[in-house]
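Residue-level listing of the chains:
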Amino acid sequence: MSRIVLLATGGTISSRENAAGGSRASDSAAQLLAALKQHALADLISEIQVETQDISVENSFNFSFSDLARIDSAVREILQRPEVDGVVVTHGTDTIEETLALLALTHDDDRPVVFTGAQRSPDHSDSDGPRNLCDAILVAADPASRFHGVLLCFGGEIHTALPLRKAHASSLQPFSHPSGGTLGRLTEAQPQYYFGPRSLPRLPHPTQSFGDQRVDMVLSYPGADGALIRSAVASGAAGLIVLGGGAGNPGSALVQAIAEATQAGVVVGLASRTFGGSVAAIYSGGGAVDALAAGAVALGDLPGTQARVLLALLLSTGAGEETKDRLERWVQTAR
Ligand code: ASP
């Protein structure tokens, strides 16, 4: 019998209407599992032993880097137990891509870590939580998931953790790979993978200082001046992610501010504000060609939200030029 640990962090999958108004994370891992066992889907997981553990009961829009590091460390601790076959993490969908990124960057175990959540809370008449949780448990317990690392299982689909974006606010399958497709699907309660495991360059698990990193994000738009970049630098940002238009074109005013930031020792990553495709050095006159010449690092097809976690992790174990080189190397190796 497979043994899975269900680690709950909160999110919509655990949220209920609250007397003060609005919905708030409230159910524990044991409550999530008990609800699934009452559900028509319960038979599907009757042969899997599921243990529960709580780390927080919080909506993910309130998470900080310290919360992400705590989730990483809880998963690592669970995986120190050889009798555990896999971990399921329930998490709010709003920032799940950041936590997925951190765990995917550091995961160094053959056993799967499968994240899931819900778009409709358990007190909704048609919640997707039990189905998603059931699917995630099935994926974590299936030997075919070994070596696939950190995964997201949602709306019947299985996705790689990196790159990944929440691309819809309310759809029951809100996630999409910015450039590629879905990694797999559940068919008749069995995971099917369309691609083999992808190996990512592994980084060390976060240390205490990861939680203190300030990495800000700035979006390019018509009329954007460099004020937000200068303000981020003045506020102590050690890293910046600039989301340029199209293939990463920030515009001349932001390029000037990027040059000032990199000269001040801030590590600047260049991503795209679009939903897919890679940063490419095509345009000068304020385009990505100039941003890279100003010292920014092209982030490939990594979403800015996930690149921000990568940069913070690198900054927490190094600084300045050295971090810039490591960032460049990571992006090149992950291609
Ligand atoms: N909408 C979110 C969710 O799916 C709220 C959150 O991120 O906690 O859980």
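Quick caveat: nothing in here was measured; it's all calculated off a predicted structure.

Attention now moves to the nonpolar core. Core analysis: the largest hydrophobic core is formed by 54 residues, its most contacted members being V75, V113, F115, F210 and W330. Listed in part, the 29 residues of the second largest apolar core include L6, A29, V114 and C153.

On to the site of the ligand. The local shell around the ligand consists of G11, T12, N59, S60, F61, G92, T93, D94 and A118. At 2.4 Å from an oxygen atom of the ligand is found a side-chain nitrogen or oxygen belonging to T93. When the ligand sits alone it has 260 Å² of accessible area, and the protein chains cover 91% of it. Residues belonging to the shell around the ligand are distributed by class as follows: two nonpolar, six polar and one charged.

Looking now at unusual backbone geometry. In this model, L162 is joined to P163 through a cis peptide bond whose omega is 5°. Among the structural elements, P163 can be located in the loop between β8 (157-160) and β9 (165-166). Unlike most non-glycine residues, F147 shows phi in positive territory, near 75°. Relative to the elements of secondary structure, F147 occurs in the loop between α4 (129-141) and β7 (150-154).

For the rest of this paragraph, the subject is the environment of L299. Position of L299 among the secondary structure elements: in the loop between β16 (297-298) and α8 (304-315). On the basis of relative accessibility, which here comes to 2%, the residue L299 falls in the buried class. Expressed as a C-alpha distance, the spacing of L299 and A271, which sit 28 residues apart in the sequence, is 5.4 Å. In this structure L299 touches I241, G269, L270, A271, V279, A307, L327 and V331, once residues within four positions along its chain are discounted.

So, about the packing of helix α5 (residues 227-234) against helix α6 (residues 252-263). Running from amino to carboxyl end, α5 crosses α6 at an angle of 15°, the nearest separation of the two axes being 8 Å. Of the possible angle classes, the one that applies to α5 and α6 is roughly parallel. Considering the relative orientation of α5 and α6, their crossing is right-handed. Residue-level inspection shows I229, R230 and V233 of α5 in contact with α6, the latter providing L254, Q256, A257, I258, E260 and A261. When the residues that make up the contact of α5 with α6 are grouped by side-chain class, the tally is six nonpolar, one polar and two charged.

As a further point, take the packing of aromatic side chains. Considering all chains together, one arrives at two aromatic pairs under this definition. Seen from their ring centres, F65 and F210 are 4.8 Å apart, and the 35° between their planes marks the pair as tilted. In this pair, F65 sits in helix α2 (residues 65-79) while F210 sits in the loop between β12 (190-193) and β13 (215-219), placing the two residues 145 residues apart along the sequence. Classification of F65 by relative accessible area gives buried; the value is 7%. The class of F210 is buried, set by a relative accessible area of 0%. Between the aromatic rings of F154 and F175, the centroid separation amounts to 5.2 Å while the plane-to-plane angle is 65°, which identifies the pairing as edge-to-face. Taken as a pair, F154 in strand β7 and F175 in strand β10 (residues 175-176) lie far apart in primary sequence, 21 residues in all. F175 carries the same exposure label as F154, and that label is buried. Here the guanidinium or amino end of R165 rests over the ring plane of F275, the centre of that ring lying 4.2 Å away.

All right, on to the state of the cysteines then. Applying the stated criterion across every chain yields a total of zero disulfides. Left unpaired, C134 is separated from the closest cysteine sulfur, that of C153, by 9.2 Å. What makes C134 buried here is its relative accessible area of 0%. Taking relative accessible area as the criterion, C153 reaches 1% and is therefore assigned buried.

All chains considered together, the criterion is met by 14 salt bridges. Among the ionic pairs, R185 bridges to E157, the shortest N-O distance being 3.1 Å. Within this pair, whereas R185 is found in strand β11 (residues 184-187), its partner E157 is found in strand β8, the two being separated by 28 residues in sequence. In this structure R185 comes out as partly exposed when scored by relative accessible area, which is 33%. Of the residues examined, E157 reaches a relative accessible area of 13% and is grouped as buried.

On to the side chain of H107, then. Inspection of the secondary structure puts H107 in the loop between α3 (96-106) and β6 (113-116). Take H107: its relative accessible area is 7%, and that puts it in the buried class. Reaching out from H107, the side chain makes a polar contact with the backbone oxygen of R111 at a distance of 3.0 Å. Contacts of H107, omitting those with residues within four sequence positions, involve L79, V113, G149, V150 and R202.

Calculation criteria
- Residues numbered from 1 in each chain as written.
- Predicted model: local features only at pLDDT ≥ 70, side-chain atom pairs only at ≥ 80, totals over all residues.
- Heavy atoms only, no water.
- Core = buried A, V, L, I, M, F, W, Y, C linked by side-chain atoms within 4.5 Å.
- Buried < 20%, exposed > 50% of the residue type's maximum accessible area, 1.4 Å probe, protein only.
- Near = heavy atom within 4 Å.
- Polar contact = N/O pair within 3.5 Å; in protein donor to acceptor, adjacent residues only side chain to side chain.
- Areas by Shrake-Rupley, 256 points an atom, 1.4 Å probe, with all protein chains shown as cover.
- Nonpolar A, V, L, I, M, F, W, Y, C, P; charged D, E, K, R; others polar.
- Helix = DSSP H or I, 4+ residues; strand = E, 2+ residues; numbered from the N terminus.
- Contact = heavy atoms within 4.5 Å.
- Axes fitted to C-alpha atoms, helices over the stretch in contact; angles between N-to-C directions.
- Parallel < 35°, antiparallel > 145°, perpendicular 65-115°, else oblique.
- Left-handed = near helix turned anticlockwise from the far one by under 90°.
- Phe/Tyr/Trp six-rings, centres within 6.5 Å; stacked < 30°, edge-to-face > 60°.
- Lys NZ or Arg CZ within 6 Å of the ring centre and 35° of its normal.
- Disulfide = S-S within 2.5 Å.
- Salt bridge = Lys/Arg side-chain N within 4 Å of Asp/Glu carboxyl O.

In short, shape yes, function no, at least from these values alone.
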